[in-house]
Amino acid sequence: MRISIRVNQADHEADCWEGESLLYALREKLGFPGSKNACEQGECGSCSVLLDGTLVCACLVLAAQADGHDVTTVEGLGDGDDLHRVQQAFVDAGAVQCGFCTPGLVMATVDLLAHSAAPSDDEIREALSGNLCRCTGYAKIFDAVRAAAEAR
Amino acid sequence: MEVLSPHSLDEALRLKSEHPDALPIQGGTDVMVAFNFDRSRPEVVLNLNEVPELTGWSRSNGELRLGAGLTYADAMRAELASLVPALAEASRTVGSPQIRNRGTIGGNLGTSSPAGDALPPLAIESAEVECVSVRGVRRVPLLEFVTGVKRNVLAGDELIAAVCLQPSHAPQTFMKIGPRNAMVIAVVSLAVSVGDELRASFGSAAPRPVLVTAPRSDAGTFAEAVAAAAAPIDDVRGTSRYRVHALRVLTERALDRLAA
């Protein structure tokens, strides 16, 4: 089936198999590999994107459900080398090791800061609870989130 | 596979009557896992995301009507949380922000898992499931709606439109045990209210929802009564024995919390 999706402010079309996820469509059909494919069951958050402005796991959205909708992926945050302040904060804080979870964590942080300008540590913990990182131990990720909030 | 995306409830019901084996998908947090892992390949998928009648909630004559497409994130918001506080508490324990933004109360009912977090808080409020089809509307008490593990009374042409209840306004709470706070399928869960009587319902400890009631004067033996009503199994998440023990402890804690 053919679907039309607005991704990062540009209209796209893709031929999809009816049972495939938005994540697969983004990565394999539309050329947006920033969202990562890991658990495929909503556990790890590596595929987090904004669907009509709401943070979701792209692996749990049927591509057909995104037909006619608006998606923001990690590729849509910065402008070339001009990084989004959340991305810059992750770089500055060294909140990245292997980097696989980073796009999802960045999207979850962007969503958190859109709703809460100065989140408490408990709020940060809750907001990032759906994103798993197996390298950093989260301390530097927390530093990055706090720094991004202050950079506003 | 074919995906049908109706834009009204009427259209959805017509399609469901034409395709009784169609699998409804709302938030996708259960259905997509089955697709991604090759466990389910229905011929027809009925995408309910575009059906406006299923979203939101309303009140009339004291009755609360939660649309089947109401998300856990919606159920956590203050106005609804004040009407069904245990449901809001349960919603906060579901998955992660990403999951709560997509997962729906209607989906939880449709999946009919013994671990469904929305079921115990709805059961203690005597919720009824509104089932609709081209033939009409019927209301089924939640306790009768779920007939077994992942089984319910929905006919092939029916969809869940809403879940309805009269808020008791009784002090109530929800508790859940798992290895961490987020992303947990309940080892056991429990909803308790202390109103005109004591009420409890639990998850992951019986094949279908159970309601345990007792006079308030029986608070001293209520934890034992809840534990006795459970019929849990041993599985990867916990043993039957642990679940019964945990229910006893949680019930006592819930009664303490509600100062019964």
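Residues numbered from 1 in each chain as written. Chains lettered and ligands numbered in written order. Predicted model: local features only at pLDDT ≥ 70, side-chain atom pairs only at ≥ 80, totals over all residues.

**Q** I tried to follow the overall build of chain A on my own but got confused; where do I start?
**A** Assigned secondary structure in chain A consists of five helices and five strands. Secondary structure of chain A in N-to-C order comes out as β-β-α-β-β-β-α-α-α-α. Against the 2.2 N^0.38 benchmark of 15 Å for 152 residues, chain A shows a C-alpha radius of gyration of 15 Å, consistent with a compact globule. With the C-alpha coordinates of chain A rotated into their principal frame, the extents come out at 45 × 30 × 25 Å. The proportion of buried residues among the 152 residues of chain A is 49%. For chain A, restricting intrachain contacts to residue pairs at least 6 apart in sequence, the fraction spanning at least 24 positions comes to 59%. (Helix = DSSP H or I, 4+ residues; strand = E, 2+ residues; numbered from the N terminus. Rg over C-alpha atoms; globule rule 2.2 N^0.38 Å. Buried ≥ 20, exposed ≤ 12 C-beta atoms within 10 Å, placed from the backbone. Contact = placed C-beta atoms within 7 Å.)

**Q** Looking at this structure, how should I read the overall build of chain B?
**A** The number of helices and strands found in chain B is eleven helices and 14 strands. Here the C-alpha atoms of chain B give a radius of gyration of 18 Å, agreeing with the 18 Å that 2.2 N^0.38 yields for 260 residues. For chain B, the C-alpha atoms occupy an extent of roughly 55 × 45 × 30 Å along the three principal directions. Looking at chain B as a whole, 51% of its 260 residues are labelled buried. The contacts in chain B between residues at least 6 apart in sequence include a share of 61% that link residues at least 24 apart.

**Q** Is there a simple way to think about the interface of chain A and chain B in this case?
**A** When the parts come together, some accessible area is lost, and that loss is often what is quoted as the size of the interface. Taken together, the contacts link 23 residues of chain A with 26 residues of chain B. Looking at the side of chain A that touches chain B residue by residue, the classes come out as ten nonpolar, ten polar and three charged. (Nonpolar A, V, L, I, M, F, W, Y, C, P; charged D, E, K, R; others polar.)

**Q** Sorry if this is basic, but what is going on with the domain arrangement of chain A here?
**A** Residues and elements named next belong to chain A. Structurally, chain A comprises domain 1 (2–76) and domain 2 (85–150). The partner domain 2 presents eleven residues to the 13 residues of domain 1 that form the contact. With three residues, the single largest contributor to the side of domain 1 that touches domain 2 is strand β3 (residues 48–51). Per-class residue counts for the side of domain 1 that touches domain 2 are seven nonpolar, five polar and one charged. (Domains from an automatic or database assignment.)

**Q** Sorry, what's going on with the sheet that holds strand β14 (residues 212–215) of chain B here?
**A** Two orientations exist for strands paired in a sheet by backbone hydrogen bonds: parallel and antiparallel. Residue and element names in this part refer to chain B. Spatially, four strands are ordered β11-β12-β13-β14 in an open sheet, and the strand pairing comes out antiparallel. The sheet is open, and its two borders are formed by β11 (172–177) and β14, each paired with just one other strand. Each strand of the sheet is rotated relative to its neighbour by a mean of 15°, with strand direction disregarded. Across four bridges, strand β13 (residues 197–203) lies against β14 in antiparallel orientation. Counterpart to Ala200 in the pairing with β14 is Val212. Helix α5 (residues 85–92) contacts β11 and β12 (188–194) of the sheet and is inclined by roughly 20° relative to β11. (Pairing = 2+ DSSP bridges. Axes fitted to C-alpha atoms, helices over the stretch in contact; angles between N-to-C directions.)

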